[in-house]
Amino acid sequence: MKQIQPAVTVPMFRDDIIDIEECMRRTGRCDRTIRDWCRDHGIGRKPFQSGRWEVSGPALEILIHGDFEALEMLRRGERDTPQVRRWIDHHLNHGLAQS
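The rules behind the values
Residues numbered from 1 in each chain as written. Predicted model: local features only at pLDDT ≥ 70, side-chain atom pairs only at ≥ 80, totals over all residues. Heavy atoms only, no water. pLDDT = per-residue confidence, 0-100. Helix = DSSP H or I, 4+ residues; strand = E, 2+ residues; numbered from the N terminus. Phe/Tyr/Trp six-rings, centres within 6.5 Å; stacked < 30°, edge-to-face > 60°. Lys NZ or Arg CZ within 6 Å of the ring centre and 35° of its normal. Core = buried A, V, L, I, M, F, W, Y, C linked by side-chain atoms within 4.5 Å. Buried < 20%, exposed > 50% of the residue type's maximum accessible area, 1.4 Å probe, protein only. Pairing = 2+ DSSP bridges. Contact = heavy atoms within 4.5 Å. Axes fitted to C-alpha atoms, helices over the stretch in contact; angles between N-to-C directions.

## Focus on the confidence of the model for the protein chain
- When pLDDT is averaged along the protein chain, the result is 89; 89% of the residues meet or exceed 70.
- The least confident element of the protein chain is helix H5 (residues 82-98), whose mean pLDDT is 84; the most confident is strand S3 (residues 54-56), at 97.

## Here we look at the packing of aromatic side chains
- Applying the stated criterion to the full structure yields 0 aromatic pairs.
- Cation over ring: Arg86 sits above Trp87, and NZ or CZ is 4.3 Å from the ring centre.

## Focus: the nonpolar core
- Residues Ile34, Ile43, Val55 and Leu60 are the most contacted members of the largest nonpolar core, which totals 22 residues.
- For this core, the elements supplying multiple residues, two or more each, are helix H1 (20-27), helix H2 (31-41), helix H3 (57-64), helix H4 (68-75) and H5.

## Let's talk about the sheet that holds strand S1 (residues 17-18)
- Taken together, 3 strands build an open sheet; the order of strands is S1-S3-S2 and the sheet is antiparallel. Strand pairing shows two members of the sheet lacking a second neighbour, S1 and strand S2 (44-45), which therefore form its edges.
- Of the pairings in the sheet, the one linking S1 to S3 comprises 2 bridges and is antiparallel in character. The residue of S3 that forms the bridge with Ile17 is Ser56.
- Contacting S1 and S3, H3 crosses the sheet at an angle of about 60 degrees to S3.

Put into structure tokens, the structure is as follows:
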């Protein structure tokens, strides 16, 4: 049986990081689905074995909207391109709306 390799995690800045609970609130999906997305699409990381998941808010927004080209651009660190910048801004504005 062929095993799927986890995706390379997108680089994250401190303002990008949200927790699993916030991801669940934004998407309406369960924690297991979010963790699967983190591993399968590289949108999050678990810094320590017993630690909490850190998820890239911009990468989550990109994933749920299906813009896989922007996800690969974000993974390559192309944060200043218009296609990626719109998702970073969307994530930051989403956080402000919830404050």
